[in-house]
Amino acid sequence: MLEELRAGLPDHARDLKLNLSSVLQQPELSEQQLWGTALASASAARNAPLLQAVAAEARSRLSPEAFRAARTAAALMGMNNVYYRFVHMAGGDYADRPARLRMNALARPEVDHADFELWSLAVSAINGCEMCVRSHEKVLREKGVGPDQIQAAVRIAAVIHAVAGVLDAEAALA
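These numbers were taken from a predicted model, which means no experiment stands behind them.

Helix H4 (residues 48–59) packs onto helix H3 (residues 31–45) with a crossing angle of 155 degrees between their chain directions and a minimal axis gap of 9 Å. With respect to H4, the axis of H3 lies roughly antiparallel. Crossing hand, H3 versus H4: left-handed. Residues Trp35, Ala38, Leu39, Ala42 and Ser43 of H3 form the contact with H4, whose participating residues are Leu51, Val54, Ala55, Glu57 and Ala58.

Laid out in structure tokens, this is it:
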């Protein structure tokens, strides 16, 4: 399914075709990190055909717990990125106030905490939340995740997001 989707990208997205293949084969990431990042990113990118294609591939490569955790990271960051982007942009004393938003999954994910943080970072990059990107990157570095792994995850997020945009534009023009 994913290969068909990739092959169906228009000629003006040729670089994305090439990048989609290469980012899903990065040796810096474990299979769980790679496919969890792709799944969380596709969830955040909100393009149904892309999400379906990535999810079909991810199901065969992730445990049920990791599949669920990647989707949980996307869901949780969908909320947090809006809230913390507001806190960052508004300034003032909002940063000193409790968020009062449930985030239990962030503290107790079903997978290795570093993997969950990596997926949260990828989604936060897609959603453009500087505060969350900085926070997740810091936690990842403290957990021993190196810059090559972090950059690999963000490359996946960037390509997945761009492919979703092209697919949305093509559907709008059809």
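The next point concerns the packing of helix H7 (residues 113–127) against helix H8 (residues 130–142). Packing of H7 against H8 brings their axes to within 9 Å, and their N-to-C directions diverge by 155 degrees. Considered as vectors, H7 and H8 are oriented roughly antiparallel to each other. Classified by chirality, the crossing of H8 by H7 is left-handed. Contacts between H7 and H8 pair His113, Ala114, Glu117, Leu118, Ser120, Leu121, Ser124 and Ala125 from the former with Cys132, Val133, His136, Glu137, Val139 and Leu140 from the latter. Considering only residue class, the contact of H7 with H8 consists of eight nonpolar, four polar and two charged.

Turning to unusual backbone geometry, a few remarks are in order. Positive phi is not limited to glycine here, since Arg46 has a value of about 60 degrees. Positionally, Arg46 belongs in the loop between H3 and H4. Accessibility expressed as a relative area gives 65% for Arg46, which makes it exposed. Of note, Arg100 is a non-glycine position whose phi angle comes to about 55 degrees, a positive value. Relative to the helices and strands, Arg100 resides in the loop between helix H5 (64–90) and helix H6 (104–107). In this structure Arg100 comes out as exposed when scored by relative accessible area, which is 78%.

Once that is clear, we can look at the environment of Glu4. Relative to the helices and strands, Glu4 is located in helix H1 (residues 2–7). For Glu4 and Gln32, which are 28 residues apart along the polypeptide, the C-alpha to C-alpha distance reads 23 Å.

Definitions and limits used
Residues numbered from 1 in each chain as written. Predicted model: local features only at pLDDT ≥ 70, side-chain atom pairs only at ≥ 80, totals over all residues. Heavy atoms only, no water. Axes fitted to C-alpha atoms, helices over the stretch in contact; angles between N-to-C directions. Helix = DSSP H or I, 4+ residues; strand = E, 2+ residues; numbered from the N terminus. Parallel < 35°, antiparallel > 145°, perpendicular 65-115°, else oblique. Left-handed = near helix turned anticlockwise from the far one by under 90°. Contact = heavy atoms within 4.5 Å. Nonpolar A, V, L, I, M, F, W, Y, C, P; charged D, E, K, R; others polar. Buried < 20%, exposed > 50% of the residue type's maximum accessible area, 1.4 Å probe, protein only.

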